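Structure assessment
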Amino acid sequence: MRFGMPWPGRDVGREAEQAGVEAFCAGEFADHDAYLTVADIVANTERALAGPAIAYAFARTPYAHATALRQLHAQAPGRLFLGLGSAAFRINRDWLGVPADRPVARIADTVGAVRAWLHAENGERVRYTGEFHHLDADVRAPVLGRLDIPVLLAAFNARMAATAGRVADGVVGHGLFTGSWWNDVVRPAVARGAGDGDGEGDPAGTRPLEHGWIITAVDDHAPERAIADARRMIAFYLTIRTYDPFVAHHGWEEPVARLRDAFRAGDTDAMVRAVTDDMLTGIAVCGTTADAKDALARRAGSLPRDLGYFAAPSFMVSRGRRAAYARAALALIGALPDPA
């Protein structure tokens, strides 16, 4: 696994690239745009891979996704990837004002339409016909040419993971993922979608790519606060019922019910207390540098195989503390042995 992180800003980002970080990703929310962040990444780095992980798939047309990547490619050829996520039902319906039904079918069709624009050659019509998208564009300007930019899907549950294996180049794993969820649910589903049996033993480049977020909070001076921030991030994620199959898979229904009650009551301290030690050690990398290295060693076989984004907790964590966590995570470079 190579070491990456969500973009920590240009100052920490330059330091991180010099320290050996090989990729930066951009998330998306109401206060930050994925492609604007990727533009900042490519303008302030020299070698690292860069891309959304993820961009909301339905917030833009396939044309808009592809044209953003074409413009970024001019600055960073060979360095880009695209991670698309379907987003939550309420985000699509209430924030974006777009159809929220059938997200798996919609995102599969979106991948096809984005690729039609990315693979378009000069002098040829851009054609694509799917259930939700129809393209027949005659672009009479020499601005195209095939771009083979990897497209990955954010896939939490098995159906989306199988779709990632079938229509995309790989998967972006969530920060909640445990070894059991990767090995028992996501990897088998991706492999089924790709038609690769169980997917074990395939070398990188012939199997679907695996990127993934890893909740990471390292602070040698205040490890208790880092651990609490990691617990709070886990709790915040688990308020979302989309993750109920994950909760049931691990038998965590009781503590998750408690943290959801605490969330409804606005009691963030009770949310932290509801996250069990088993949940924390299965999901996060946190505490002191030594604790974090031990956690990585323990989880070496159950992390994303290609790129792991060591992501600072963001729920009720200041920008300054997130930057400090990003800097502290640089001490983890080299903590995992190189894959055979």
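Look above for the structure.
Residues numbered from 1 in each chain as written. Predicted model: local features only at pLDDT ≥ 70, side-chain atom pairs only at ≥ 80, totals over all residues. Heavy atoms only, no water.

What about the overall build of the chain?
- For the chain, the helix and strand inventory stands at 14 helices and 12 strands.
- Against the compact-globule benchmark of 20 Å for 340 residues, the chain has a radius of gyration of 20 Å, which places it among compact chains.
- Out of the 340 residues in the chain, the part that is buried amounts to 53%.
- For the chain, restricting intrachain contacts to residue pairs at least 6 apart in sequence, the fraction spanning at least 24 positions comes to 69%.
- About 15,200 Å² of surface is accessible on the chain, with carbon and sulfur atoms providing 51% of the total.
- For the chain, the centre of its 37 positive side-chain charges and the centre of its 41 negative side-chain charges are spaced 4 Å apart. (Helix = DSSP H or I, 4+ residues; strand = E, 2+ residues; numbered from the N terminus. Rg over C-alpha atoms; globule rule 2.2 N^0.38 Å. Buried < 20%, exposed > 50% of the residue type's maximum accessible area, 1.4 Å probe, protein only. Contact = heavy atoms within 4.5 Å. Areas by Shrake-Rupley, 256 points an atom, 1.4 Å probe, with all protein chains shown as cover. Lys, Arg positive; Asp, Glu negative; His and termini not counted. Charge placed at Lys NZ, Arg CZ, Asp CG, Glu CD.)

Some points on unusual backbone geometry
- The peptide bond linking alanine 53 to isoleucine 54 adopts the cis configuration, its omega dihedral lying at 25°.
- Inspection of the secondary structure assignment puts isoleucine 54 in the loop between strand E3 (49-52) and strand E4 (55-56).
- A positive phi angle is found at methionine 316, which is not glycine, with a value near 60°.
- Relative to the helices and strands, methionine 316 resides in the loop between strand E12 (307-311) and helix H14 (319-329).
- Judged by its relative accessible area of 53%, methionine 316 falls in the exposed class.

Some details on the pairing of strand E5 (residues 82-85)
- Across the two faces of E5 the burial is the same, with Leu82 and Leu84 and Gly83 and Gly85 all buried.
- Pairing of E4 with E5, which is carried by two bridges, proceeds in the parallel orientation. Among the inter-strand pairings, tyrosine 56 is bridged to a residue of E5, identified as glycine 85.
- Pairing analysis gives three bridges linking E5 to strand E8 (residues 151-154), with the strands arranged parallel. Its bridge partner being in E8, leucine 82 is matched across the sheet by valine 151. (Pairing = 2+ DSSP bridges.)

What about the nonpolar core?
- If you look at the biggest cluster of nonpolar residues, it comprises 102 residues, and the most contacted ones within it are Leu84, Leu176, Ile234, Leu238 and Phe246.
- Examining the composition of this core, we find that nine residues originate from one element, helix H5 (residues 103-118), more than from any other.
- Setting aside anything within four residues of it in sequence, one finds leucine 238 in contact with Leu176, Tyr243, Phe246, Val247, Val256, Leu259, Arg260 and Met279.
- The next biggest cluster of nonpolar side chains, apart from the first, holds 12 residues, and it includes Ala23, Ala53, Leu152 and Tyr309. (Core = buried A, V, L, I, M, F, W, Y, C linked by side-chain atoms within 4.5 Å.)

Things to note about the pattern of salt bridges
- If you walk through the whole model with that rule in mind, you get 27 salt bridges.
- When the shortest N-O distance is used, the salt bridge between aspartate 138 and arginine 125 registers 3.7 Å. Linking aspartate 138 in the loop between strand E7 (134-137) and E8 with arginine 125 in the loop between H5 and strand E6 (126-129), this pair joins segments that are 13 residues apart in sequence.
- The exposure class assigned to arginine 125 is partly exposed, which follows from its relative accessible area of 38%.
- In this structure, arginine 231 engages aspartate 277 in a salt bridge whose closest nitrogen and oxygen atoms are separated by 2.7 Å. Residue arginine 231 is found in helix H8 (residues 223-237), and its partner aspartate 277 is found in helix H12 (residues 277-283); the two are separated by 46 residues along the sequence.
- Of the residues examined, aspartate 277 reaches a relative accessible area of 53% and is grouped as exposed.
- The structure contains a network of salt bridges with shared partners spanning Arg125, Arg127, Asp136, Asp138 and Arg140. (Salt bridge = Lys/Arg side-chain N within 4 Å of Asp/Glu carboxyl O.)

Describing the environment of alanine 59
- Along the chain, alanine 59 falls in the loop between E4 and helix H3 (62-75).
- With 37 residues separating them in the primary sequence, alanine 59 and leucine 96 have C-alpha atoms 6.2 Å apart.

Describing the side chain of arginine 106
- By the secondary structure assignment, arginine 106 is in helix H5.
- A distance of 2.8 Å separates the side chain of arginine 106 from the backbone oxygen of aspartate 101, its partner in a polar contact.
- Contact partners of arginine 106, with chain neighbours within four places excluded, come to Phe58, Pro99, Asp101 and Phe132. (Polar contact = N/O pair within 3.5 Å; in protein donor to acceptor, adjacent residues only side chain to side chain.)

Describing the packing of aromatic side chains
- Going through the model one piece at a time under the given rule, you end up with 14 aromatic pairs.
- With centroids separated by 5.0 Å and ring planes inclined at 85°, the aromatic side chains of tryptophan 7 and phenylalanine 24 adopt a geometry described as edge-to-face. A residue pair is termed long-range when its members are at least 10 positions apart, and tryptophan 7 in the loop between strand E1 (2-6) and helix H1 (10-19) and phenylalanine 24 in strand E2 (residues 23-26) qualify at 17 residues.
- Tryptophan 7 sits in the buried class, given a relative accessible area of 14%.
- When its relative accessible area of 0% is taken as the criterion, phenylalanine 24 is described as buried.
- Aromatic rings pair up to connect Phe156, Phe177, Trp181, Trp182, Tyr243, Phe246 and Trp252 into one cluster. (Phe/Tyr/Trp six-rings, centres within 6.5 Å; stacked < 30°, edge-to-face > 60°.)

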